[in-house]
Structure formats: C-alpha cells, structure tokens
Amino acid sequence: MPLEIVTIPCLSDNYAFLLHDDVTKTTALVDAPEAAPILAVLDSRGWSLDFVLLTHHHWDHVDGLPALQEQHSPKIIGAAADAHRLPPLDIMVEDGSEFSCLGETVHVSDVSGHTLGHVAFYFPGAKAVFTADSLMALGCGRLFEGTADQMWQSLSSLASLPEDTIVYSGHEYTQSNLKFALTIEADNSELKTRAIDIANARANGHPTVPSSLALERATNPFLRAAEPSVKAALNMEDQPDAAVFAEIRRRKDQF
Ligand code: ZN
Ligand code: FE
C-alpha cells in the first residue's frame, strides 16, 4: 500500500505535505507554514498527526506548529544543527541519519545552501523526496546562509537519487523560475514542453509541485550547470561546474 501524499497550499505560495500510511494508520507532515489548511485536511480525512518533519528554520516552514500542537501531539523531527533555532525537537537528525516513519526508513541528507542545516527527507518506498527550499521546481532556494559551492553539492547529491523520484518542494515559484530558465536555455525542447504544462496547470489553479527528478534534470538550469550546452551558453566552457552554478544563481538573484 503506497503512502498517500496530499499537497496543501499555505500562506501565499508555500506548500506543506501530509503523508498517510493506511497500514500503520499513521500520518506525517512535512513543514508547517500555517495550521488552518493543514488542520482542515486532517479533520476531513479523520487523521491524527503523528510526526512533523521540519526542513529548515525559516518562519514560513515552522510557524504553524504551535496551533497544530494544540490539537495533536506529533513527534517533531529536525536537524540537530538547527536545534537552537527550531521548535523543540523529539528526534534530531543529520546528514546520513535514518529513522522509521509511516512504515518506511526515511533517509536524511544535509542540503545546506539556502540555510545552513537545511535537510531533505527521502522516502525510498514512496519514491519521494521533500526538498523545501533546496531543489525547487525549475529552481533552487536563494543563498541566505550557505555558499554557492555548498548549494551545488546539495543539488548534486539530490540529483543522484533515482530519476523516477518525485520532488516535493516548498513553494509555488515555478512560473517565475520558468521565465528565468528560458534566459539560460531558450532552445531546450523539454523546457519548452514543460512551459506549456506549467501554463496549463496554473491557468486551472493546479500546483506545479511535485515534479519528477528526471524532469528537473532535463529542465532545471540549476541542476544543469555541468552540461556542456549550458556552459557554452554562458561562455564558461572551461569553468568548473560549481562556478557555472554560482553564475546561474547570481543571474537569478538579479533577474
Ligand atoms: Zn526558506
Ligand atoms: Fe520558504
């Protein structure tokens, strides 16, 4: 029985995700931007919240937690490195940690860059990775605390997951990411096809998250810094991959 994963729009452009395992009758939440829309899904399904997995300390990923805790008593899981600025944690994790949740062994990876201590949660059975503000649909998080080298390493480790992995990221930024991606690779045919899919999804009020890792590898400029065609487009044929990534990130910051 696969996990049921519900994408929940929160605030103006955040996503939270509820994961439910019907065998163990347990439910987990990834990130808590605001409580009301999450409580509404829990109530309508008759689920009680057993785990909250926090990706990083930013307010738009944690501020909904106190109101959730008024009605539920979940175990809170987050990075040990961020424990001083996350809500109180029941389980502290770090790069390489594994823990049991919803009948799965969840793998933790450090994906610092956007913040230091940002983690991603990979559910191999569900073929799902929760990346929040590290790898995003057609984008990546802004570098608030980490370096371009760190983010490139983080993205490279996420890119090495199986290509049928589904990528659940934290924001609906995809349309503006698309406009930028087209400035890097205007002739990428898979990007042009994705542009049509994104326009259709948004015109119908549908999220563009999640996406697949295969699609991100084929179209996300931040994952494609090692591609010879991308290096050539930036006149950086002789530069290391991380330097090309840094240049793409710099351009996006000014876009
Ligand atoms: Zn953030
Ligand atoms: Fe965020």
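Residues numbered from 1 in each chain as written. Chains lettered and ligands numbered in written order. Predicted model: local features only at pLDDT ≥ 70, side-chain atom pairs only at ≥ 80, totals over all residues. Heavy atoms only, no water.

A. Summary view of the environment of threonine 7. Within the secondary structure layout, threonine 7 lies in strand E1 (residues 4-10). Residue classification places threonine 7 among the partly exposed residues on the basis of a relative accessible area of 23%. The spatial distance from the C-alpha of threonine 7 to the C-alpha of lysine 127 is 16 Å, given a sequence separation of 120 residues. Look past the residues within four positions of threonine 7 in its chain and what remains in contact with it is Tyr15, Ala16, Phe17, Tyr168, Pro207, Val209 and Pro210. (Helix = DSSP H or I, 4+ residues; strand = E, 2+ residues; numbered from the N terminus. Buried < 20%, exposed > 50% of the residue type's maximum accessible area, 1.4 Å probe, protein only. Contact = heavy atoms within 4.5 Å.)

B. Focus on the nonpolar core. Formed by 27 residues in total, the largest nonpolar core has its most connected members in Leu155, Phe245 and Ile248. Elements with a contribution of two residues or more to this core: strand E9 (119-123), helix H4 (148-159), helix H5 (174-184) and helix H9 (241-253). Looking at this core element by element, the count peaks at 6 residues for H4. Among all residues touching isoleucine 248, those that are not within four sequence positions of it are Phe180, Pro221, Phe222, Ala225, Val230 and Leu234. Counting 24 residues, the second largest nonpolar core, distinct from the first, contains Leu53, Val108, Val119 and Phe123. (Core = buried A, V, L, I, M, F, W, Y, C linked by side-chain atoms within 4.5 Å.)

C. Focus on the pattern of salt bridges. In the structure shown here, the tally under the stated rule is 14 salt bridges. Its salt-bridge partner being glutamate 145, residue arginine 85 comes within 2.8 Å of it at the nearest N-O pair. Residue arginine 85 is located in the loop between strand E5 (75-79) and strand E6 (91-93), and its partner glutamate 145 is located in the loop between strand E12 (139-140) and H4; the two are separated by 60 residues in the primary sequence. Note on arginine 85: relative accessible area 30%, which makes it partly exposed. Look at glutamate 145 and you get partly exposed, because its relative accessible area is 29%. With a closest N to O distance of 3.7 Å, arginine 142 and aspartate 253 form a salt bridge. Linking arginine 142 in the loop between E12 and H4 with aspartate 253 in helix H9, this pair joins segments that are 111 residues apart in sequence. Because the salt bridges share partners, they merge into one network encompassing Asp82, Arg85 and Glu145. (Salt bridge = Lys/Arg side-chain N within 4 Å of Asp/Glu carboxyl O.)

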